[in-house]
Each structure stands twice: as structure tokens, then as C-alpha cells.
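Coordinate inspection notes
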Amino acid sequence: MATTVTGPRRRRRGVRPGSVVRYAVLAALALIFLVPFYLLVRNALSTEQEITRIDGWTWFPSSPQWGNLSEVFDSTSVPLARSMVNSLLIAVTQTVGVLIVSGMAGYGLARSTVRYANAVFYIVLATLLIPAAVTFVPTFVMVSSLGWVSTLRGLIVPGLFQALATFLFRQYFLGFPKELEEAAQIDGAGPWKTFWRIVVPNSWGFAAAVATITFIGSWNAFLWPLVIGQDQSSWTVQIALSTYVTAQSVNLHGMFMAAIVSMVPLLLMFLFLQRWIVAGVEQTGINE
Amino acid sequence: MTAASRAPASRRRWTENPHLWFWIFVGPFVLGLLVFVLIPIGWSVWLSFYEARNTVTPTRFVGLDNYRHMLGDSAFRSSLKTFVVFAAFIVPVTFAMALGLAVLVNTARRGKSFFRSVFFLPTACSYVVAAMIWRDSMFSGVSSGLVNTVLGWFGAEPIAWLSVVQPPWYWLVITTARLWLQVGFFMVLFLAALQRIPKGLYEAAALDGATGWKAFRYITFPQLKATSTAVLMLLLVNAFQAFDEFYNLMSTTGGYPPYARPPLVYLYYTALGDVQDFGNGSAGAVILTLIIAAFALLQGRLTGLGRREA
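What you see is a predicted model, and the numbers here were worked out from it, not measured in a lab.

Scoring rules and cut-offs
Residues numbered from 1 in each chain as written. Chains lettered and ligands numbered in written order. Predicted model: local features only at pLDDT ≥ 70, side-chain atom pairs only at ≥ 80, totals over all residues. Heavy atoms only, no water. Helix = DSSP H or I, 4+ residues; strand = E, 2+ residues; numbered from the N terminus. Contact = heavy atoms within 4.5 Å. Areas by Shrake-Rupley, 256 points an atom, 1.4 Å probe, with all protein chains shown as cover. Salt bridge = Lys/Arg side-chain N within 4 Å of Asp/Glu carboxyl O. Buried < 20%, exposed > 50% of the residue type's maximum accessible area, 1.4 Å probe, protein only. Core = buried A, V, L, I, M, F, W, Y, C linked by side-chain atoms within 4.5 Å. Buried area = accessible area lost by both parts, 1.4 Å probe. Polar contact = N/O pair within 3.5 Å; in protein donor to acceptor, adjacent residues only side chain to side chain. Nonpolar A, V, L, I, M, F, W, Y, C, P; charged D, E, K, R; others polar. UniProt positions renumbered as here; feature names shortened; annotations may be inferred. Domains from an automatic or database assignment. Phe/Tyr/Trp six-rings, centres within 6.5 Å; stacked < 30°, edge-to-face > 60°. Axes fitted to C-alpha atoms, helices over the stretch in contact; angles between N-to-C directions. Parallel < 35°, antiparallel > 145°, perpendicular 65-115°, else oblique. Left-handed = near helix turned anticlockwise from the far one by under 90°.

Attention now goes to the overall build of chain B. Each helix and strand counted, chain B has 14 helices and two strands in total. Contacts spanning at least 24 positions in sequence make up 65% of the contacts within chain B whose residues lie at least 6 apart. Total accessible area computed for chain B in this model is approximately 13,400 Å², and 64% of it derives from carbon and sulfur atoms.

Here you go:
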């Protein structure tokens, strides 16, 4: 993939000035995009004095403060470890749940012959356009009347029903080769069996793309956990981090180290799944 | 699920009991959508006609008073203005940047996956983390901030980016953070779409002398129409949901002026602040929903979303 050229110009020998300019622009932009990450690492490994010193900028900490790492886990005011565990539980459950719920719904919407399937699809499309965040007041009222405030249930369950994931799965299954399913049906498999035995095993690539998007969204979610996670024991990692930001006085080095720690699960996921996202998106109806 | 357990034994197809199969597959999702999205919307509309402070079972029907109150509230009105201006800026700029990056990365002969990764990487960052970097390191108001350091090299005085409440300085901080976070994700959507454009189109165009800008204008851009429509819609909805960066970058000082707050932040404080004013909060949510729906319909009309689906 890295070497294919799909651009409008033919290959020519030698270096063209246009391509030099293009690489210069790309490299400059890439550098700018990496600056915030550099600041994150630099500050996390600095002493407080080095971050806030006003007499001249230092590019690197004079000696990396690895002790900052254990310091953020020892802190009692911000329960980083606990909130990381909460976030992991929430993100994993929601990702698995969304894959099952939206995968099935997308398949049903793509294959069903009932007349009102289109009407249901339009309702899904409409809720996609109406921002979920606008419903946070009544959803909060409802979830609190269920007694789910400050519980993992309250944090997980409302996020299991993602219109975007259902929409993406429907578009994907519309393009799924029917011949495979028909072969299974001739062997006597009903829709249920066909879906789990034939369709699902052939859709892992696309599922991985949806899983990545869902996991990132769940891990980085802020508004709903802020509304629901009122006790410290139910904080997600973003809420825990946010208390650093909104505190009157903080130790900056600890804050930046905590930020790096909070990103580790996503960065690991990226390493393994990044190319699936592009491959998966290519198969969706977003491009049709 | 009881119906589902019966299913494997049967030899039914979609056509034999279509209603049962439809609800086995789609039912759980529709049920969740009903409970956690559709009913809350209905409840919100109902609450908006009542005086509901600190209670979700209000008894005093007040008609349109909550709407009158919210629309007459200069803070809420200016928050609406904030988000319209914010969306009007961030949607086209993100769109252009994502498309431009995608074209650049796509035509890079070497290092394509490296550049793609670099631009996509900020997607792994949350608004909370970005707010930390932007507020306390990049745009911190003291001379030790990166931007003020760079400005200092050119002899400029440090700028108090976030502690002055007048635009445009805080505006620059907010918009750059969002651009950094979201451009890469939309670039990937465009990249995927670019890969699907048949190469033959470019070869045919090249024979007619259309290369470079002309090829982009007459082939690439029209071929990206469906993706562009979807991206614009996602960007619009995202912009109207702006909450995280405003909350994390600007709520610290407490006394931040209303025009620095988008509606969601304002509604958050109205409905879930000290006085849990669900009546006014819901009226605000309904107003916000109507405005977003109007924008979405307008954009759908302009770009043709929905016609394809029909």
C-alpha cells in the first residue's frame, strides 16, 4: 500500500520539483502535528521548575524524571489507576456490545424484506443527525430515576445503542456477497445460523474498524461520564484527568504524565489496528 | 431472545417469516434506541412545558414560559451565536484541510503510511488531554509557553491567550485544538474514498490534457461527492456538540463570559448545576435540537443527502 501511486500523474524518472515541494509540505505539516506529543513527553519527564521556568526555553529535560510515573499512581487526590480500570471496563463492554447489537441490526436492515425496514432505517438516520448530546438532560433524568447514577451500568448501557455503527454495518452488509449466504441457506441454515456461521466470520476486517472507532469514542467520552460519574469511585480516566485541568493549582509534571498514561491503551490499539480502519472504511457505504 | 433460541432448529428464511426475523435482528437495537434516545427526546419536550426545578415529576404547567425565558436570556442567545460562528468556521476549514491532506498523502510515493499515521494519531488524544497541552504548555499565557517562546524569538511580547476574555485569542486556542484532533480522522475517510477512484479515469483525462488541478477539479472532487456529503454532515453535528474543549479550557476561571460558552456547556450548568432546572434546560435542548435539525436539513438540501438513499 505504501508504494502504490494512484495520483493523476504518470511516473517519470528523476526528481521533479513538484514532488520535492510536496514532500517539504508534508514533512512540515507532520512536524507541526507531532509538536503536541513532543510537549506531552517533554513535560511529563521534566521537573516542575523546568516546565514553568521563564528564563529561556529548554527543548529537553536536563535529566528525565522517571519518578513522575510512580508519583501519579501514588496520588490520592486523583484515583488514576481506579479510573483507568473503570474506563477499560466501560470501553471493552461497549465495544463488544455495539458490535453485537449494531452488527445484528445492520444485517437485519440490509437483508430484511419487510416493508417497514426502510422506515426504521430512516429513524436510525434521523437520530444520527440529531446529536446524542442534546438528549443528555432527559437521559440523565431517566438514568437517575433508575438509580444508575455513579454506577458502571449507567455509564455503559446508554452507550450500547449507536446509530452510527448500525448505519455503517448496514451499508457494509448491503455490499456483502449474497452468494455466500445463499449457499448456506441451500444447506438448510436459517438467517440466524447464516449470520453467525457465514457472515460474521467473513466480516472481521470491517468489525475491527467499527470496534476501533467505538473504543476510541468510548475511551475519550467526556460529557456523559461527567454527568453520571458523580462519585469518585465511578470516575472514568477522562474525568480524573479533567480534575487536573480544572483544579486551581496542579503539579504540571504529574498532569502531563497522567495524560500519557491515559493514552497507552489507545496507542497500543493503534499499533495493531490502524490499517484495519482504512481497509474497513473502504468497504463502507460512506464512499458509495 | 426466546424467539432466537428457536431459530437454529428451523429452516426458515427471510422470506418465510420476515417479521419475526426482522425483529430478532433489529429488535434489540430499536428497543435501546427507543429507551435511551427517543423516549428521552419526548420526555424532554414534555418537561420543557413545566416548571421543573429539582424534580422530574413536575406539576406546574407553564406553557411556553420556559421557551420565552431561554430565548429572552441573553447568555443563552449569545451561546447560540457562539456555536453558529464556531460551526461556520470549523466545518469548512476542517473539510478543506482533511481533503488537502488526503490528496497530499495519497500522491506521496514513499512514506504514505507514515504520514497517514502521523496525521491520524491525534485521534487517539482526548479533548481533555489536548486541553492540557494547549492551555498549560502551548498557549500558556506566560513566557514559558511554546507559542510565546517562539513569538519571543521575534521580539514579540507574551500574549495572555486564555486569561483575556475578549476574542480573538481564546478563539485561536479553541479552534486549533479541535482542528488538530479531528482533521486526521476525516483525512482517513477521504483517503479511503480516493483509493476507490478508478485509475482509468485519470489516464483518460490525461490524454485529454487534464492533469494536476484540472484532474482534481473534474475527476477527484466529483468522485468524492458522497464522501464529502457524509463528512460535512458529521462535521456539522460534531461542531454543534462542542463541549469538551470549551468546558476544559474555559470553565476554570468560573466567571467566563457567556459568549465563550457553547449551548451545551450552558445547558449543562442550567440543568445540572446548583439549581437543577430541568424545565429551562429541556426548553434549551429542544431549541438547540430544532436549530441543528434546520441546519442538517438545509445542508441535506444543498448537498443532496437523502436523495441517494431514496
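Take the pattern of salt bridges next. All names here are of chain B. Applying the stated criterion to the full structure yields six salt bridges over all chains. One salt bridge connects Arg 60 with Glu 51, and the closest N-O pair in it is separated by 2.4 Å. Its relative accessible area of 47% is what places Arg 60 among the partly exposed residues. The residue Arg 53 makes a salt bridge to Asp 277 at a minimum N-O spacing of 3.7 Å. Remark: Asp 277 occurs in the loop between α13 (263-272) and α14 (278-303) and Arg 53 occurs in the loop between β1 (50-51) and β2 (60-61); sequence separation between them is 224 residues. In this structure Asp 277 comes out as buried when scored by relative accessible area, which is 7%.

Take the nonpolar core next. In this structure, B:Phe25 and B:Phe119 are the most contacted members of the largest nonpolar core, which totals 184 residues. For this core, the element with the highest residue contribution is helix α8 (residues 169-195) of chain B, accounting for 17 residues. Ignoring sequence-local partners within four residues, the contact set of B:Phe25 consists of A:Met104, A:Ala105, A:Tyr107, A:Gly108, A:Pro191, A:Trp192, A:Phe195 and B:Trp14.

Across the boundary between the two partners, chain B contributes 111 residues, which contact 120 residues of chain A. For the pair chain B and chain A, the two sides together bury roughly 10,700 Å², of which 74% comes from carbon and sulfur. Our count for the contact surface shared by chain B and chain A stands at nine residue pairs in polar contact (both at pLDDT 80 or more). The element contributing the most residues to the side of chain B that touches chain A is helix α2 (residues 18-47) of chain B, with 23 residues. Each residue belonging to the side of chain B that touches chain A can be placed in one class, and the counts come to 72 nonpolar, 25 polar and 14 charged.

When the UniProt feature table is mapped onto this chain, "transmembrane region" (unreviewed entry) is found at residues 20-41, 88-107, 119-143, 155-173 and 252-273 of chain A. As a span, residues 20-41 of chain A carries 100% helix and 0% strand, and end to end its C-alpha atoms are 31 Å apart.

Residues and elements named next belong to chain A. If you check the domain split of chain A, you get domain 1 (17-53 + 62-70) and domain 2 (75-282). Taking the mean C-alpha position of each, domain 1 and domain 2 sit 31 Å from one another. Between domain 1 and domain 2, the residue contacts involve 12 residues of the former and 10 residues of the latter. When domain 1 packs against domain 2, the two sides together hide about 970 Å² of surface, and 79% of this comes from carbon and sulfur. On the domain 1 side of the interface with domain 2, the three residues burying the most area are Leu 40, Ala 44 and Glu 48, jointly 46% of the side's total. Our enumeration of links across domain 1 and domain 2 arrives at zero salt bridges. For the interface between domain 1 and domain 2, the tally reads two residue pairs in polar contact (both at pLDDT 80 or more). Counting only elements with at least two residues in the side of domain 1 that touches domain 2, the list comes to α1 (17-44), α2 (48-52) and α3 (67-74). The biggest single contributor to the side of domain 1 that touches domain 2 is α1, with five residues. Taken together, the residues of the side of domain 1 that touches domain 2 sort by class into seven nonpolar, four polar and one charged.

So, on to the packing of aromatic side chains. Within the structure shown, the criterion is met by 51 aromatic pairs over all chains. For the ring pair A:Tyr116 and B:Phe22, a centre distance of 5.5 Å and an interplane angle of 85° mean the geometry is edge-to-face. Taken together, the residues A:Tyr116 in the loop between α4 (80-111) and α5 (117-129) and B:Phe22 in helix α2 connect one chain to another. Taking the relative accessible area as the measure of exposure, A:Tyr116 reaches 28% and is therefore partly exposed. By relative accessible area, which is 0% here, B:Phe22 ends up buried.

Axis angle and axis distance: for two packed helices, these are the angle between their axes and the distance between the axes, and together they describe the pair. Residue and element names in this part refer to chain B. Running from N to C, helix α4 (residues 74-107) and α14 point in directions that differ by 30°, and their axes come no closer than 12 Å. Classified by the angle between their axes, α4 and α14 sit roughly parallel to one another. Remark: the crossing between α4 and α14 carries right-handed chirality. Across the interface between the two elements, Phe 76, Leu 80, Phe 83 and Val 84 of α4 pack against Gly 284, Ile 287, Leu 288, Ile 291, Ile 292 and Phe 295 of α14. Each residue belonging to the contact of α4 with α14 can be placed in one class, and the counts come to nine nonpolar, one polar and no charged.

Residues and elements named next belong to chain B. The N-to-C vectors of α13 and α14 enclose an angle of 160°; their axes lie 8 Å apart at closest approach. Judged by the angle between their axes, α13 and α14 are roughly antiparallel. Crossing angle aside, the handedness with which α13 passes α14 is left-handed. When α13 is examined against α14, the residues Pro 263, Leu 264, Leu 267, Thr 270, Ala 271 and Leu 272 are found in contact with a partner set consisting of Phe 278, Asn 280, Gly 281, Gly 284, Ala 285 and Leu 288. Considering only residue class, the contact of α13 with α14 consists of eight nonpolar, four polar and no charged.

Here chain B is partitioned into domain 1 (1-41) and domain 2 (64-303). Look at where the C-alpha atoms of domain 1 of chain B and domain 2 of chain B centre, and you get two points 37 Å apart.

Residue and element names in this part refer to chain B. Here the UniProt feature "transmembrane region" (unreviewed entry) sits at residues 20-43, 83-105, 117-134, 169-194, 224-243 and 278-298. Counting secondary structure, residues 83-105 comes out at 100% helix and 0% strand; the distance between its end C-alpha atoms is 31 Å. The span residues 278-298 shows a helical share of 100% and a strand share of 0%, and its end C-alpha atoms are spaced 30 Å apart.

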